[in-house]
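Okay, here's what each chain looks like letter by letter:
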Amino acid sequence: MQLFPCPFCGWRDEREFLFIAEAGKERPDTTQKISDEDWARYLHSIRNDKGAVREVWMHLTCGELFILERDSVTMEVIGSIALRKDAA
Ligand SMILES: [Zn+2]
């Protein structure tokens, strides 16, 4: 079992969290024509970088979204940042 730090609730069991997306992944401008390949790439492709990564996670217990920084090789948690602007 691994512990993840929710910026609002503190360290919790990883089973309380849901991976949402890579942080910084840009959604294509859907007001413009976009190819099926580009849309599929956006929906289904991930960089899967080795080392330090930033990901958006949700803590299912409190429902808050946050950035989790972790090392994808060692699984070490580097930190977490709340996405809600009024978070402490
Ligand atoms: Zn929480």
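Our structure's up above, just so we're on the same page.
Residues numbered from 1 in each chain as written. Predicted model: local features only at pLDDT ≥ 70, side-chain atom pairs only at ≥ 80, totals over all residues. Heavy atoms only, no water.

Caption draft 1: Here's a closer look at the coordination of the zinc ion. Looking at the metal site, the zinc ion is ligated by Cys6 (SG), Cys9 (SG), His59 (ND1) and Cys62 (SG), spaced 2.0 to 2.4 Å from it. Taken together, the 4 donor atoms coordinating the zinc ion and their angles of 106 to 114 degrees define a geometry best described as tetrahedral. On the primary sequence, the residues serving as donors to the zinc ion are separated as C-x2-C-x49-H-x2-C. With Cys6 in strand S1 (residues 3-6) and Cys62 in the loop between strand S4 (52-59) and strand S5 (64-71), the pair connects residues that are 56 residues apart, well separated along the chain. Residue Cys6 is classed as buried on the basis of its relative accessible area, which comes to 4%. (Donors = N, O, S within 2.8 Å, 3.2 Å for Na, K, Ca; no water. Tetrahedral: all angles 85-135°; square planar, octahedral: opposite > 155°, others 65-115°. Helix = DSSP H or I, 4+ residues; strand = E, 2+ residues; numbered from the N terminus. Buried < 20%, exposed > 50% of the residue type's maximum accessible area, 1.4 Å probe, protein only.)

Caption draft 2: Quick peek at the pattern of salt bridges. In total, this model carries 9 salt bridges according to the counting rule given. Ionic pairing is found between Glu69 and Arg54, a salt bridge with its closest N-O pair at 3.3 Å. In this pair, Glu69 sits in strand S5 while Arg54 sits in strand S4, placing the two residues 15 residues apart along the sequence. Since its relative accessible area comes to 42%, Arg54 is described here as partly exposed. Glu55 is paired through a salt bridge with Arg70; the nearest N and O atoms lie 2.7 Å apart. One end of the pair, Glu55, is in strand S4; the other, Arg70, is in strand S5, with 15 residues separating them in the sequence. Comparing Glu55 with Arg70 shows no difference in burial state: the two are buried. Through salt bridges with shared partners, a single network forms among Glu22, Arg47 and Asp49. (Salt bridge = Lys/Arg side-chain N within 4 Å of Asp/Glu carboxyl O.)

Caption draft 3: Region of interest: the nonpolar core. With 7 residues, the main nonpolar core is built from Phe4, Cys6, Phe17, Trp57, Phe66, Leu68 and Val77. For Cys6, the contacting residues outside a window of four places in its chain are Phe17, His59, Cys62, Phe66 and Ser80. (Core = buried A, V, L, I, M, F, W, Y, C linked by side-chain atoms within 4.5 Å. Contact = heavy atoms within 4.5 Å.)

Caption draft 4: Up close: the pairing of strand S6 (residues 77-82). As paired elements, S5 and S6 share 5 bridges and run antiparallel to each other. Of the residues in S6, the one forming a bridge with Ile67 is Ile81. What sits between the antiparallel neighbours S5 and S6 is a turn of 5 residues, in which Met75 has the positive phi angle 70 degrees. (Pairing = 2+ DSSP bridges.)

Caption draft 5: Summary view of the environment of Leu3. Mapped onto the elements, Leu3 comes out in strand S1. Among the residues examined, Leu3 registers a relative accessible area of 41% and is labelled partly exposed. With 12 residues separating them in the primary sequence, Leu3 and Arg15 have C-alpha atoms 8.8 Å apart.

Caption draft 6: Region of interest: the packing of aromatic side chains. One pass over the full model with this rule turns up 5 aromatic pairs. Between the aromatic rings of Phe17 and Phe66, the centroid separation amounts to 5.8 Å while the plane-to-plane angle is 80 degrees, which identifies the pairing as edge-to-face. Of the two residues, Phe17 sits in strand S3 (residues 17-22) while Phe66 sits in strand S5, which places them 49 residues apart along the sequence. You'll find Phe17 and Phe66 in the same group, each marked buried. Summarising the aromatic geometry, the rings of Trp39 and Tyr42 are spaced 5.4 Å apart at their centres and angled 35 degrees between planes, so their arrangement reads as tilted. Of this pair, Trp39 and Tyr42 both sit in helix H1 (residues 36-44), 3 residues apart, which is roughly one turn of that helix. (Phe/Tyr/Trp six-rings, centres within 6.5 Å; stacked < 30°, edge-to-face > 60°.)

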